[in-house]
Amino acid sequence: MSVRLVWEPDAPTAASRAPWREEARLAAGDASTENRLYFGDNLSALGALEADPGQRFRLVYLDPPYNTGAAFDHYDDHRAPEDWLSMMMAVLRAVKPLLRDDGVLVLQTDRHESAYAKVLCDMVFGRAAYQTTLAVRMSATSGYKIGHSVSSVVKNTEYLHVYAPGRFVLCARAFELAPYDDHYNLFVEGLGSLGARVVPLLEVDDVRATFEAEGLPRQSRNLAKLYETKAFRRWVAAHAGQVVRAHTAPLPAQAEHRAGQLFATDDPADRVLERRYRGQGYLLRRRGRQLEQLIPIGLKLNPIDDDRFEGAPVMTNVLGDWWDGFHLDMGNVSKEGETPFKNGKKPERLLYRLMRMFTDEGDAVLDPFGGSGTTAAVALKARRRFVLIEQGAQLETHIVPRLARVVAGDDRSGVSTLVAGPPGDGFRVFVQGLARGENCATEPAVSGPSR
Ligand SMILES: C[S@@+](CC[C@H](N)C(=O)[O-])C[C@H]1O[C@@H](n2cnc3c(N)ncnc32)[C@H](O)[C@@H]1O
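Description of the structure in this document. Predicted model, so just to flag it, every value in this text is computed and none were measured. (Residues numbered from 1 in each chain as written. Predicted model: local features only at pLDDT ≥ 70, side-chain atom pairs only at ≥ 80, totals over all residues.)

## With respect to the sheet that holds strand β18 (residues 301-302)
Logical step 1: Reading across the sheet, the 3 strands line up as β11-β19-β18 and stay open at both edges, with antiparallel pairing between neighbours. Edge positions in the sheet fall to β11 (175-177) and β18, since each of these pairs with one other strand and no more. (Pairing = 2+ DSSP bridges. Helix = DSSP H or I, 4+ residues; strand = E, 2+ residues; numbered from the N terminus.)

## Focus on the site of the ligand
Logical step 1: Near the ligand, the surroundings consist of 20 residues, among which Gly 344, Phe 369, Gly 371, Ser 372 and Thr 374 are the closest.
Logical step 2: Per-class residue counts for the shell around the ligand are 6 nonpolar, 9 polar and 5 charged. (Near = placed C-beta within 6 Å. Nonpolar A, V, L, I, M, F, W, Y, C, P; charged D, E, K, R; others polar.)

## Focus: the packing of helix α2 (residues 81-95) against helix α3 (residues 114-125)
Logical step 1: Packing of α2 against α3 leaves a shortest axis separation of 10 Å and a crossing angle of 40°. In this structure, α2 meets α3 at a crossing whose hand is right-handed. Contacts between α2 and α3 involve Leu 85, Met 88, Met 89, Leu 92 and Arg 93 on the former and, on the latter, Tyr 116, Ala 117, Leu 120, Cys 121 and Val 124.
Logical step 2: Of the residues belonging to the contact of α2 with α3, the class tally is 9 nonpolar, no polar and 1 charged. (Axes fitted to C-alpha atoms, helices over the stretch in contact; angles between N-to-C directions. Left-handed = near helix turned anticlockwise from the far one by under 90°. Contact = placed C-beta atoms within 7 Å.)

## A word on the pairing of strand β12 (residues 186-189)
Logical step 1: Where β12 lies against strand β13 (residues 197-200), 4 bridges are found, and the strand directions are antiparallel. Paired with Glu 189 across the two strands is Arg 197, which belongs to β13.
Logical step 2: As paired elements, β12 and strand β14 (residues 243-248) share 2 bridges and run antiparallel to each other. Bridge assignment links Phe 187 to a residue of β14, and that residue is Val 243.

## Some words on the packing of helix α10 (residues 348-358) against helix α11 (residues 374-381)
Logical step 1: With their axes 9 Å apart at the nearest point, α10 and α11 run at an angle of 60° to one another. By the criterion of interaxial angle, the relationship of α10 to α11 is oblique. Where α10 crosses over α11, the two elements pack in a sense that is right-handed. Between α10 and α11, the contacting residues are Glu 348, Leu 351, Tyr 352 and Met 355 on the first element and Thr 374, Thr 375, Ala 377, Val 378 and Ala 379 on the second.
Logical step 2: Grouping the amino acids of the contact of α10 with α11 by side-chain chemistry returns 6 nonpolar, 2 polar and 1 charged. (Parallel < 35°, antiparallel > 145°, perpendicular 65-115°, else oblique.)

Below, the structure written as structure tokens:
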């Protein structure tokens, strides 16, 4: 038995069958590029894509109007609830056949429609396809929101439902910045040699010298403070296998130790031993009858999507489904791509993170609610292919100039500092409209929800 949303459908959503024709005037870069912009209604463009078996996508990102009840500068965000549901149902059905077997769909909304959007996705893709809902902090309670907080609960969070109707493949884990963990306070000198030994990190000459060079006063000689400096972070990254914390080994290792496999009982105490066990490398030292494991800090170091660190590995935690920090990006979002777009524009870093998690370089990404073109801008920078659809005039006024700057290498904003290498090769533009003398036909793409 399946659970279904039932609503009174509005007028059936109609997809125009008017042909799409290429508008070379709006294109940029390589004329044979696979990247495409469709200027028109998304249902119609999705229909055209379905007819082309070459158009299948690894990631479909949906950022529809949230139905907040407002009339924004660039699009209307006020629909009857059943109208919004019908519109979304039609889009979800239309993108389903466009997903690759290992494709992922991400649908972003806020509290207005999030729960309904989840049920719609369950209906279209099946509950088994549901992976997670990411909760993203998109705003802080500041400015005019403080006024609202007197009489309502302020909105800070948006929700991204993630579905994989075929095979779910996580291409990369995401990490967030973690504070320095003071337990990593040991250093293995002479690693790889018989004379390897462990000394306190604070006694290593380089570390002392960094304290001195950074002018940190004696009383603040703690490693967390030192880690705030670029010089120490660099030094730690360069010695990622030698900066360690001590951890008493779990019992199986003790058992192996007894069997003489990890080290011989006549090994001198405190000598650092490198051993392989079941395909994995370990650093160990014997302290009396205890076998102590030395865990290198390198296991916690990863590059993150934070341009303060210029792609260098830093202390991290693995990110779960709560994504903090995007309220900071939102403070600067209108400057990204030099494209102010009041209401609805998303930070490039959010799209970059989604693309890194759910796609590999060269994969194709589809965005049927283009807005200011964030998805396409990030796809170009991160060297993914894209198809983006937008029906509003912003396609010409915002998206095309924004992407042209990226292709020309003139956009240094957003995630530009996080990606290495040149951007994608360009984009072509298709508009829906009749060439002189053609007839237009429309047909209903969806006649309300299936019951
Ligand atoms: C929330 S905005 C997307 C913002 C975008 N993610 C960005 O970062 O700039 C939603 C966009 O969807 C567009 N849209 C709404 N209905 C559409 C339709 N049926 N076909 C094409 N575009 C549509 C609106 O014009 C609006 O620009």
